[in-house]
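# Close look at the chain arrangement
For reference, the chains in residue letters:
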Amino acid sequence: MLMVASATAGYEIFIYLYRAFILQSNIELFMFIRMLIIELIFNTLITIIIYPLMQKFRI
């Protein structure tokens with residue numbers, strides 16, 4: 001689960017920096033941190049639910 005959380009955080013930070021610097025969008029740090037925390041929790045929960053099913057059905 002640590003790998004899922006770190007991959008999610010890395011991806012979201014990369015996209016945020018891309019939008020901020022390359023596309024010249026507004027920087028809203030509070031909203032970004034809030035969104036990042038929600039996505040980390042969501043992706044971790046999905047992994048906790050789906051990973052045992054993948055092992056059970058050998059996918």
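Predicted model, so just to flag it, every value in this text is computed and none were measured.

## Re the overall build of the protein
Summing up its helical and strand segments, the protein has 2 helices and 0 strands in all. Here the C-alpha atoms of the protein give a radius of gyration of 15 Å, more than 25% beyond the 10 Å that 2.2 N^0.38 yields for 59 residues. The dimensions of the protein, computed from C-alpha atoms along their principal axes, are 45 × 20 × 15 Å.

## Examining helix α1 (residues 2-22)
Helix length check: α1, at 21 residues, gives a terminal C-alpha distance of 29 Å against a target of 30 Å (1.5 Å per residue), a fit within 8%. Turning to α1, its buried residues number three or more, namely Thr 8, Ala 9, Glu 12, Ile 15, Tyr 16 and Ala 20. Looking straight down α1, one finds its buried side chains confined to an arc of 135 degrees; they lie on one side. Opposite its buried face, α1 presents the exposed residues Leu 2, Met 3, Tyr 11, Phe 14, Phe 21 and Ile 22, each directed more than 90 degrees away. In this structure, the buried side of α1 is in contact with α2 (29-56). Count one or two residues on from α1 and you reach Gln 24, which has phi positive near 55 degrees.

## Focus: the packing of α1 against α2
Where α1 contacts α2, the axes come no closer than 9 Å and their chain directions differ by 150 degrees. By the angle between their axes, α1 is roughly antiparallel relative to α2. With respect to the hand of their crossing, α1 and α2 are arranged in right-handed fashion. Only Leu 29, Phe 32, Met 35, Leu 36, Glu 39, Leu 40, Asn 43, Thr 44 and Thr 47 of α2 make contact with α1, whose side of the interface consists of Val 4, Ala 5, Thr 8, Ala 9, Glu 12, Ile 13 and Tyr 16.

## Examining the side chain of Thr 44
Secondary-structure assignment places Thr 44 in helix α2. Apart from the residues within four sequence positions on either side, Thr 44 is in contact with Met 1, Val 4 and Ala 5.

## Considerations on the side chain of Thr 8
In this fold, Thr 8 is placed in helix α1. Taking the relative accessible area as the measure of exposure, Thr 8 reaches 10% and is therefore buried. Within polar-contact distance, the side chain of Thr 8 engages the backbone oxygen of Val 4 at 2.9 Å. Apart from the residues within four sequence positions on either side, Thr 8 is in contact with Glu 39, Leu 40 and Asn 43.

Cut-offs and rules
Residues numbered from 1 in each chain as written. Predicted model: local features only at pLDDT ≥ 70, side-chain atom pairs only at ≥ 80, totals over all residues. Heavy atoms only, no water. Helix = DSSP H or I, 4+ residues; strand = E, 2+ residues; numbered from the N terminus. Rg over C-alpha atoms; globule rule 2.2 N^0.38 Å. Expected span 1.5 Å × (residues − 1). Buried < 20%, exposed > 50% of the residue type's maximum accessible area, 1.4 Å probe, protein only. Arc of directions from axis to C-beta. Contact = heavy atoms within 4.5 Å. Axes fitted to C-alpha atoms, helices over the stretch in contact; angles between N-to-C directions. Parallel < 35°, antiparallel > 145°, perpendicular 65-115°, else oblique. Left-handed = near helix turned anticlockwise from the far one by under 90°. Polar contact = N/O pair within 3.5 Å; in protein donor to acceptor, adjacent residues only side chain to side chain.

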